[in-house]
Amino acid sequence: MEEAAIGRRANCGSVGVMEAVGARTRAAGRRTRLPAASTEERSVRRRIKNEESAVFHSVVSFSPDPLPGTLITEWKEGGQLCEAFLAGEEHSYQAVADQLVLIAQFFRFDGWLINIENSLSLAAVGNTPPFLRYLTSQLHQQVPGGLVLWYDSVLTSGQLKWQDELNTHNRVFFDSCDGFFTNYNWQEAHLERMLGQVGQRQADVYVGVDVFARGNVIGGRFDTNKSLELIRKHGFSAALFAPGWVYECLEKKDFFQNQDKFWSLLEHHLPTHSICSLPFVTSFCLGMGPRRVCYGQEEAVGPWYHVSAQETQPLIGEHQQAGDSGGWVKTQCCLQDAWHGGSSLLIRGQIPPQVGNMAVRLFSLNVPVPPKLFLSLVYKLEGNSDVRVALELTMGDAESCHIGGISALNAETNSRHSPRPLRVPPTKLTRWVGRCGQPLHGGWVQRCYEVSQQGCLLQDLFVNFSRPVGSQKDNFVCRLGEIQVVDASNPLVRLPPLQAVTVSQVHWQQATLEAEGASTGLQLSCTLHWSYLLSYATCFRIHCQRRTEGAAPGQQTPEPEKPTLLGLAFGNLYRVVDLAVAALGPGHEGRVDFLVEPVPKERFLVPQAEWGQATLLYSMPHSG
């Protein structure tokens, strides 16, 4: 079995890699973040010695949201590993389960998929149900909302034989954990038979769908919706396997269009998981890009990738105006330009003459609104466009909901409201956002809104495009750089200080020119660690400043350089690798200042005086 993945972002009530399409979904509700030192894809392979021997690797996920790991064993070596911890005494498999829970906690996995694809001895298969029960119990205690799932492979006899269904030969494993992931070569008859096995646990059966459509399968590829239609018909959940087909087998240049096409075909069969808490901020970053941009200013050129930097993506698809007006709006990821991070959201559309405006729903929310809400939209229009861009929102609990600062659009859309933009932000919020309605770096524009309400529930965010009266232009191209929705009182709360920045695991080496082999300076590698409550930060930006002290008489000490961004961290740890620093002459001392900038969830800028800092001093050893 290959690694499974899900390509839909699940914000509130996520179910990990298996997207539930049955009567209910499982709630995890946690963001998945790797420790900051890793800038690689979320994958870890660990071997535990002796009785705890097993092979671990993480499931690859399209998004950084709830993510289970996979414990997989295969072939002869896999059988030996299983016998080492399953065929022995109770303490052997419990020791492995304890390690799995610790790994899930450390890497913030949301559970485990147990995928044993080798035969087991009678002793080992006999211990597998109690192993699953113990792992499930321990995981539930330590990882709230975590799941343990079993893959359809081994039978109660220990034989490796895929069933493509839940039946009496593998039911004992399902009864011992949270869910069952079937193999992919099923037909509708398999689904019908399973109804007699699951009782009230239909949503705990994740019917496997191979997007590559290998073998005797229903659907797959751009017909994956046919698979989900049958699964939904019988009330089961679905496990979408290898949606990387969209990238691996189709034209790379058309990836974003094909990705949107694939998921939009499944839209009617997948539940939308609403955003359930504030603040909500997204710059539509995919966690990658050809360059890195910070608030409209380019700060690093060259491709980069950090899956933890991916932010909430909007609902996808093409939106048609009702009737025969010809109006439409289409959204698409865009790597060519960004306001913050590596990408933005490209929106193209056509406003029909008889309508005058088009709106597209970007996000579903289910958030009790605080008494005062602050919203911000950063956007950029292409060309000489006179189209107006504005945020719109819907509110629930209309009978008791009293809203100030917004007005209903018209009778046909009276549940959708348009906040009135602010020319300047309230004085108390200028630290958070200070240029409402003014041009920003790179041609971006910011619109700010403040809404007062009582007893309301925020349900949807729209962006509206309207044409001024008398304008004949009907096509538009717009890039969205950022949307912010925050409790207006939050930016007033003083953040805790970032403390105790330390430098450890220091390693030096000579830097050389590959062509000539000549020494050109030094390279520094080290580990930074600090203390900060992670619940207050979305990430940390790591900077450095390099300087040389101890200049010869008559020479001026060089001014310190401006802080240089090294990268992002998503925990209290960052590994600096091969940082170029100057080689020094006799009597000189080098200095490297490492600066750790916390990025609050509301995204307001923290003054440099409040960043954490650690200084590393170095000098060359005396010769002779």
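Residues numbered from 1 in each chain as written. Predicted model: local features only at pLDDT ≥ 70, side-chain atom pairs only at ≥ 80, totals over all residues. Heavy atoms only, no water.

## Structural notes on the overall build of the protein
- Of regular secondary structure, the protein possesses 8 helices and 30 strands.
- Residues classed as buried in the protein amount to 54% of the 624 residues present.
- Put simply, 74% of the contacts in the protein that link residues at least 6 apart link residues at least 24 apart.
- Per element, the accessible surface of the protein, about 27,400 Å² overall, is 49% carbon and sulfur. (Helix = DSSP H or I, 4+ residues; strand = E, 2+ residues; numbered from the N terminus. Buried < 20%, exposed > 50% of the residue type's maximum accessible area, 1.4 Å probe, protein only. Contact = heavy atoms within 4.5 Å. Areas by Shrake-Rupley, 256 points an atom, 1.4 Å probe, with all protein chains shown as cover.)

## Side note on helix α8 (residues 255-266)
- The first and last C-alpha atoms of α8 sit 17 Å apart over 12 residues, in line with the 16 Å expected at 1.5 Å per residue.
- Of all the positions in α8, only F255, F256, N258, Q259, D260, F262, W263 and L266 are classed as buried.
- Considering only its buried residues, α8 is in contact with α6 (224-233), β7 (237-241), α7 (245-248) and β12 (328-334). (Expected span 1.5 Å × (residues − 1).)

## Remarks on the packing of helix α1 (residues 75-86) against helix α3 (residues 122-142)
- Interaxial distance between α1 and α3 falls to 9 Å at its minimum, and their mutual angle equals 65°. Regarding α1 and α3, the two cross each other, and that crossing is left-handed. Across the interface between the two elements, E83, F85 and L86 from α1 touch A123, A124, N127, T128 and F131 from α3.
- For the contact of α1 with α3, the per-class residue count stands at 5 nonpolar, 2 polar and 1 charged. (Axes fitted to C-alpha atoms, helices over the stretch in contact; angles between N-to-C directions. Left-handed = near helix turned anticlockwise from the far one by under 90°. Nonpolar A, V, L, I, M, F, W, Y, C, P; charged D, E, K, R; others polar.)

## Some details on the packing of aromatic side chains
- All chains considered together, the criterion is met by 23 aromatic pairs.
- When the ring of Y151 is compared with that of Y184, the centres are 6.4 Å apart and the planes differ by 35°; the resulting orientation is tilted. Note that Y151 is positioned in strand β4 (residues 147-151) and Y184 in the loop between β5 (179-181) and α5 (188-198), a separation of 33 residues in sequence.
- Take Y151: its relative accessible area is 1%, and that puts it in the buried class.
- Taking 6.0 Å as the distance between ring centres and 65° as the angle between the ring planes, the aromatic pair formed by Y295 and W339 counts as edge-to-face. Residue Y295 is found in the loop between β9 (288-294) and β10 (297-305), and its partner W339 is found in the loop between β12 and β13 (344-350); the two are separated by 44 residues along the sequence. Each member of the pair, Y295 as well as W339, carries the same accessibility label: buried.
- Connected via pairs of aromatic rings, a cluster forms that spans F106, F107, F109 and W112.
- The cationic tip of K252 hangs over the ring face of Y247; the distance from NZ or CZ to the ring centre is 5.0 Å.
- For the cation-ring pair, K261 lies above F222, with the distance from its terminal atom to the ring centre recorded as 4.2 Å. (Phe/Tyr/Trp six-rings, centres within 6.5 Å; stacked < 30°, edge-to-face > 60°. Lys NZ or Arg CZ within 6 Å of the ring centre and 35° of its normal.)

## Regarding α3
- With 21 residues, α3 extends 31 Å between its outermost C-alpha atoms, agreeing within 8% with the 30 Å of an ideal straight helix rising 1.5 Å per residue.
- The sharpest bend along α3 measures roughly 30° and falls at T128, with the proline P129 sitting one to four residues further on.
- Among all positions in α3, only A124, V125, N127, T128, P129, F131, L132, L135, T136, Q138 and L139 are buried. (Bend = angle between axes of the 7 residues up to and from the residue.)

## Focus on the pattern of salt bridges
- All told, the structure shown has 18 salt bridges when counted by the stated rule.
- Notably, a salt bridge pairs R541 with E299, separated by 2.8 Å at the nearest N-O pair. In this pair, R541 is assigned in strand β26 (residues 537-549) and E299 in strand β10, connecting sequence segments 242 residues apart.
- Residue class for E299 comes out partly exposed when judged on its relative accessible area of 29%.
- Salt bridges sharing common partners tie together R291, E298, D337 and K380. (Salt bridge = Lys/Arg side-chain N within 4 Å of Asp/Glu carboxyl O.)

## A short note on the environment of Q257
- Along the chain, Q257 falls in helix α8.
- For the pair formed by Q257 and C333, sequence separation is 76 residues and the distance between their alpha carbons is 8.7 Å.

## A word on the pairing of β9
- The sheet contact formed by β9 and β10 spans 6 bridges and is antiparallel. From the neighbouring strand, G289 faces β10, where its bridge partner is W304.
- In this structure, the hairpin formed by β9 and β10 is closed by a connection of 2 residues, where Y295 is found at a positive phi of approximately 50°. (Pairing = 2+ DSSP bridges.)

## Considerations on the state of the cysteines
- Applying the stated rule across the entire model yields 0 disulfides.
- Free cysteine C333: the closest other cysteine sulfur is in C334, separated by 8.9 Å.
- Judged by relative accessible area, which is 1%, C334 ranks as buried. (Disulfide = S-S within 2.5 Å.)

## A word on the environment of N118
- By the secondary structure assignment, N118 is in the loop between β3 (111-117) and α3.
- Classification of N118 by relative accessible area gives buried; the value is 4%.
- Measuring from C-alpha to C-alpha, the distance between N118 and G158 comes to 8.7 Å, with 40 residues separating the pair along the chain.
- Ignoring anything within four residues of it in the chain, the contact list for N118 reads T73, E74, W75, G78, G79, C82, V154 and L160.
- A polar side-chain atom of N118 sits 2.7 Å from a polar atom in the side chain of T73.
- Looking at N118, its side chain comes within polar contact range of the main-chain nitrogen of E74, at 3.4 Å. (Polar contact = N/O pair within 3.5 Å; in protein donor to acceptor, adjacent residues only side chain to side chain.)

## A short note on the nonpolar core
- Residues W112, I114, F131 and W150 are the most contacted members of the largest nonpolar core, which totals 71 residues.
- Aside from chain neighbours lying at most four places away, what touches I114 is L71, L132, L135, V148, L149, W150 and Y151.
- Ranked by size, the runner-up nonpolar core spans 36 residues in total, among them Y379, L391, V463 and I483. (Core = buried A, V, L, I, M, F, W, Y, C linked by side-chain atoms within 4.5 Å.)

## Examining the packing of α6 against α8
- One way to put it is that α6 packs onto α8 with a least axis distance of 8 Å and a crossing angle of 20°. By the angle between their directions, the pair α6 and α8 is classed as roughly parallel. Like other packed secondary-structure pairs, α6 and α8 cross with a definite hand, here right-handed. Contacts from T224, N225 and L228 in α6 reach F262, L265 and L266 in α8.
- For the contact of α6 with α8, a count of residues per class yields 4 nonpolar, 2 polar and no charged. (Parallel < 35°, antiparallel > 145°, perpendicular 65-115°, else oblique.)

## Some points on unusual backbone geometry
- Residue P279 follows L278 across a cis peptide bond; omega there is 5°.
- Mapped onto the elements of the fold, P279 is located in the loop between α8 and β8 (280-282).
- If you check the backbone angles, A500 has positive phi at about 55° while not being a glycine.
- Here A500 is to be found in strand β24 (residues 499-512).
- In this structure, Q505 is a non-glycine residue whose phi angle is positive, near 50°.
- Tracing the backbone shows Q505 in strand β24.

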